[in-house]
Amino acid sequence: MNIQLALQDAPFKRIDGKRASARVLSEVAEQVKQLQQQGVQPGLAVVLIGEDPASQVYVRNKVLRAAEVGIYSLEHKLADDTTQADLLALIESLNNDPQIHGILVQLPLPEGMDETRVLESINPLKDVDGFHSSNVGGLSQGRKVLTPCTPAGCMRLLHDTCGDLSGMHAVVVGRSNIVGKPMAALLLQANCSVTLVHSRSRDIERLCRDADILVAAVGRPKMIKRDWLKSGAVVIDVGINRIASDSGTRLVGDVDYEDVYDQVAAITPVPGGVGPMTIAMLMQNTLDAARMQLSNGE
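Anyway, here's the lowdown on the structure attached to this text. (Residues numbered from 1 in each chain as written. Predicted model: local features only at pLDDT ≥ 70, side-chain atom pairs only at ≥ 80, totals over all residues. Heavy atoms only, no water.)

Description of the packing of aromatic side chains
Inference 1: Following the criterion strictly, the structure yields one aromatic pair and no others.
Inference 2: Consider the rings of Tyr 257 and Tyr 261, whose centres lie 5.5 Å apart with planes at 45°: the pair is tilted.
Inference 3: Across the ring face of Tyr 261, the terminal group of Lys 13 is positioned such that the distance to the ring centre comes to 4.9 Å. (Phe/Tyr/Trp six-rings, centres within 6.5 Å; stacked < 30°, edge-to-face > 60°. Lys NZ or Arg CZ within 6 Å of the ring centre and 35° of its normal.)

Take a look at the structure:
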């Protein structure tokens, strides 16, 4: 397939995630106003346990974006020694709170907590991370469910860049539950032919060279080189890796950006590519959750 034809209305090789996320947030803000006119104020509860600095930054950014788009947010900061029973009780109270349409428990959880049990305790209609088994199963069946934010953001970037994805061969590198597997399911829904490669796959380079679209989500800095990609591929780099540099450290993706740039039709940078889309899609999920609960009479 000639990707260049699909990209004729996308003049920039560098896929700007900041610009795309701003468009999503603007759309969400307008739709939040429409819901408010119907008497519904979308609400998001974010639960953070402990003092992990990175998690605190993520939570702060989520709360700020919620305020920007008109979503009511409620932040619960719990101590490191919070018990699982107390966390489950809090989630149950949020499940029953009609002002809260979305619940996000910031991961990772403290050692000793059962992550699966915690995530499964969230009402699937309020599961704005899309991690509940009901949403995971619904996604694999092609049903309308709340979808993990990072893969959803990747799909928005792909549709904005390429338009109709039907018939394209997409290769997803990495099979995590958070990105790789839901990414493959979403690409299938978009009528792509999908190959999911991982650490046990044979001849990964050859499989990647067949890709019209390559999504890298493996967590290995600069793993994917120029000779892994065919000319004109579209690359979505989900990886965020910190490596040493002359000035200390810097962030790089799973794709060697400088090495592949002349080879590809379009590529997301790291940082500034997929990252900004994740929080934008969280806001979209919160809006969608409010609508789903409204239609279900909850």
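Structure shown, so let's carry the discussion forward.
Describing the pattern of salt bridges
Inference 1: One pass over the full model with this rule turns up nine salt bridges.
Inference 2: As a salt-bridge pair, Lys 225 and Asp 256 come within 2.9 Å of each other at their nearest N and O atoms. One end of the pair, Lys 225, is in the loop between strand S6 (213–216) and strand S7 (234–237); the other, Asp 256, is in the loop between strand S9 (248–252) and helix H10 (257–260), with 31 residues separating them in the sequence.
Inference 3: Residue class for Lys 225 comes out partly exposed when judged on its relative accessible area of 31%.
Inference 4: Here the salt bridges do not stand alone but share partners, grouping Arg 23, Glu 27, Arg 156 and Asp 160 into one network. (Salt bridge = Lys/Arg side-chain N within 4 Å of Asp/Glu carboxyl O. Helix = DSSP H or I, 4+ residues; strand = E, 2+ residues; numbered from the N terminus. Buried < 20%, exposed > 50% of the residue type's maximum accessible area, 1.4 Å probe, protein only.)

Examining the nonpolar core
Inference 1: Leu 158, Leu 165, Leu 187, Ile 236 and Met 283 are the most contacted members of the largest nonpolar core, which has 59 residues in total.
Inference 2: Of all the elements, helix H11 (residues 275–295) adds the most residues to this core, at 10 residues.
Inference 3: Setting aside residues no more than four positions away along its own chain, Leu 165 makes contact with Met 155, Leu 158, His 159, Leu 187, Ala 190, Asn 191, Cys 192 and Ile 213.
Inference 4: Among the nonpolar cores identified, the runner-up in size contains 19 residues, and Ile 49, Leu 94, Val 105 and Leu 109 belong to it. (Core = buried A, V, L, I, M, F, W, Y, C linked by side-chain atoms within 4.5 Å. Contact = heavy atoms within 4.5 Å.)

With respect to helix H2 (residues 17–37)
Inference 1: Across its 21 residues, H2 extends 30 Å between first and last C-alpha, which sits within 8% of the 30 Å expected from 1.5 Å per residue.
Inference 2: Listing the buried residues of H2 in full gives Gly 17, Ala 20, Ser 21, Val 24, Leu 25, Val 28, Ala 29, Gln 31, Val 32 and Leu 35.
Inference 3: Against the buried residues of H2 lie helix H3 (53–69), helix H7 (149–162) and H11.
Inference 4: Its side-chain oxygen at 3.0 Å from the backbone nitrogen of Lys 18, Asp 16 defines the N-terminal cap of H2. (Expected span 1.5 Å × (residues − 1). Polar contact = N/O pair within 3.5 Å; in protein donor to acceptor, adjacent residues only side chain to side chain.)

A look at the sheet that holds strand S10 (residues 266–267)
Inference 1: Taken together, the five strands give an open sheet; going across it, the order is S5-S4-S6-S7-S10, and neighbouring strands pair in parallel fashion. Every other strand in the sheet has two partners, leaving strand S5 (193–197) and S10 as the edge strands with one partner each.
Inference 2: One ladder, built from two bridges, connects S7 with S10; its direction is parallel. Paired with Val 235 across the two strands is Ile 267, which belongs to S10. (Pairing = 2+ DSSP bridges.)

Description of unusual backbone geometry
Leaving glycine aside, a negative phi is the common case for residues, and trans is the common case for peptide bonds.
Inference 1: The step from Leu 107 to Pro 108 runs through a cis peptide bond, and the omega angle for that step is 5°.
Inference 2: Tracing the backbone through its elements, the reader meets Pro 108 in the loop between strand S3 (102–105) and helix H5 (115–120).
Inference 3: The omega torsion of the bond from Val 270 to Pro 271 falls at 0°, within 30 degrees of zero and hence cis.
Inference 4: Despite not being glycine, Asn 191 has its phi angle at roughly 70°, a positive value.

Side note on the sheet that holds strand S2 (residues 72–78)
Inference 1: An order of S2-S1-S3 is seen for the three strands of this open sheet, with the pairing classed as parallel. Only two strands of the sheet have a single neighbouring strand rather than two, namely S2 and S3. Geometrically, the sheet is characterised by an average inter-axis angle of 15° between neighbouring strands, direction not taken into account. (Axes fitted to C-alpha atoms, helices over the stretch in contact; angles between N-to-C directions.)

Notes on the packing of H2 against H11
Inference 1: At their nearest, the axes of H2 and H11 sit 8 Å apart, and the two run at 20° to each other. In terms of axis orientation, H2 runs roughly parallel to H11. Remark: the crossing between H2 and H11 carries left-handed chirality. Between H2, through Gly 17, Lys 18, Ala 20, Ser 21, Val 24, Leu 25, Val 28, Gln 31, Val 32 and Leu 35, and H11, the contact on the second element is made entirely by Pro 276, Met 277, Ala 280, Met 281, Met 283, Gln 284, Leu 287, Ala 290, Arg 291 and Leu 294.
Inference 2: When the residues that make up the contact of H2 with H11 are grouped by side-chain class, the tally is 14 nonpolar, four polar and two charged. (Parallel < 35°, antiparallel > 145°, perpendicular 65-115°, else oblique. Left-handed = near helix turned anticlockwise from the far one by under 90°. Nonpolar A, V, L, I, M, F, W, Y, C, P; charged D, E, K, R; others polar.)

A look at the pairing of strand S4 (residues 169–173)
Inference 1: Of all five residues in S4, five are buried, a share of seventy percent or more.
Inference 2: Where S4 and S5 come together, five bridges link them in parallel fashion. Each residue of the ladder has a partner; that of His 169, found in S5, is Ser 193.
Inference 3: Handedness of the crossover joining S4 and S5 through helix H8 (residues 180–189): right-handed.
Inference 4: One ladder, built from four bridges, connects S4 with S6; its direction is parallel. (Right-handed = clockwise from strand over helix to strand, strands pointing away.)

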